[in-house]
Each structure stands twice: as structure tokens, then as C-alpha cells.
Amino acid sequence: MGSEMCIRDRDKNVKISDLNNLSEAQITDLSLYASSLINQIRTAFGTTQTSVSKGSVLAADRVSDGYVADNWGWEAITHKRHDSAALDRAGKSFNSVSIGENLNTWQGLTGPFTLNDIKKYVYEAMLDFMFNGNEWNHARSISGLTADGGESYIGTDISVVAGAFNVHVNNVNKNSIASDSSFDTTKIANPVSYTHLTLPTKLEV
């Protein structure tokens, strides 16, 4: 519990004023956190673990920027789901990779938030992916049941656009990366162990 409290105390002091322009370090932190949560789920299922790379951090940033550029907000997500054009553009920018996405959306949240608040929403997104009864495809993706055995690189970012607060959990499968792709598979080590991290299932903002 000591390390968990230290993490929370640190993150509570990180104020996020512009949710659409998180720093590379903040996106990396969210990605490592999400990957750790996913790996706990995948350990239970006996499926391939995930990791975070420089490329997956950049991919998540480009996808979320695409949602903002396309004004892909609450109405678009409600009726059309994912912004396929943004995912396609981000994938082609690496010459070329296929970027998958698990997306969780809330209506009308604007902040300001701390990094600790945002991590609670990432955690809540994982619960929704796995347990809300309407996310079977997301549950299969998060648990690794749709993977082809190749390693998955995870990137996680936030976007706020047109009434939607989005948690983007993007993944790129190693087996889908061409030899001449610019996607950087250099793994980023996680300086924090989230193995025993437990967060409340209800947000305490």
C-alpha cells in the first residue's frame, strides 16, 4: 500500500490543464499504467502480455489528435463509434501499421483534472471494457483473446472534443509491423510496479 499511496500522492500534484495536449511523458505514464492493468487481466487468461514502446505512445497521440481534428465527439461516437479515418491516418503515418482501438467515452467532462483523476478514468474504462455487458469485442481485445500470438504495443491518451471525454487505448500488434515501417518498437521500461495496485471501482473526483 505504501508505494500505491506514493503514486497517488505524486499524481494528485500533477495538474492537467489541456487534456488534448498531454506531454509525451504523461502519455507514456498513462500507457504504462494501462498496459500494467491489461497484463494483470491477460495473466488470468494466459494470453500474450503487452508492452509500451516509443511507437505506441506516438500512435496514441496521433489517434487522439485525429479525433480532435475531425471534431469526432459525442454525437459521432454515439452513431458511428470509432473515428476510422483518424486511426487510418495515424497508421499510415508509420508507413504503415494497423492501429486497433478500445475507446471509452463519457459525456460532458471537461476538467480540470489531475493525473490521478485521469488514471481513475483509465481504470474505469478497463472495467467497462470487461464487465459492462455491452463490450464483448472490447473484452476479447483487452484479454488478448483476439491476438494472433504477437506482442501488442499499447498506447493510451485522452481527448476531449464536441461533448466527449475519451480514453483511447490503442494497440499495434508486432506481427502487423512491416520491416520498413517507422514504428519504433523500442520498449519503455515501467519504473513503477502496478502489480498489486488497487483503485476504487467508483470515481472519487
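Up top is the structure these notes are about.
Description of the structure in this document. Remember, it's a predicted structure, so these values are computed and weren't measured experimentally.

1. Points about empty space enclosed by the protein
On inspection of all chains with the given rule, the structure shows two cavities of 30 Å³ or more. Considering only enclosed or pocket space, the second largest cavity measures out at about 40 Å³ in volume. Surrounding the second largest cavity, I38, R42, T50, N102, S141, I142, S152, I154 and N171 form its lining. Looking at the lining of the second largest cavity residue by residue, the class counts come to three nonpolar, five polar and one charged.

2. Side note on the nonpolar core
It is characteristic of soluble globular proteins that their nonpolar side chains tend to be buried jointly. Judged by nonpolar contacts, the single largest core of 31 residues is most densely connected at M126, I158, F165 and V167. Secondary structure elements with two or more residues in this core: α2 (24-45), α6 (115-131), α7 (136-142), β5 (152-161) and β6 (164-173). No other element matches α6, which puts nine residues into this core. Setting aside anything within four residues of it in sequence, one finds M126 in contact with A34, L37, I38, I142 and V169. Core analysis: the next-biggest nonpolar cluster, separate from the first, contains 18 residues, V63, A90, Y153 and I177 among them.

Parameters at a glance
Residues numbered from 1 in each chain as written. Predicted model: local features only at pLDDT ≥ 70, side-chain atom pairs only at ≥ 80, totals over all residues. Heavy atoms only, no water. 1 Å grid on protein atoms, 1.4 Å probe; cavity = no way out; pocket = protein on both sides within 12 Å on 5 of 7 lines; lining within 4 Å. Points joined across faces, edges and corners; volume = space filled by probe spheres on them. Nonpolar A, V, L, I, M, F, W, Y, C, P; charged D, E, K, R; others polar. Core = buried A, V, L, I, M, F, W, Y, C linked by side-chain atoms within 4.5 Å. Buried < 20%, exposed > 50% of the residue type's maximum accessible area, 1.4 Å probe, protein only. Helix = DSSP H or I, 4+ residues; strand = E, 2+ residues; numbered from the N terminus. Contact = heavy atoms within 4.5 Å.

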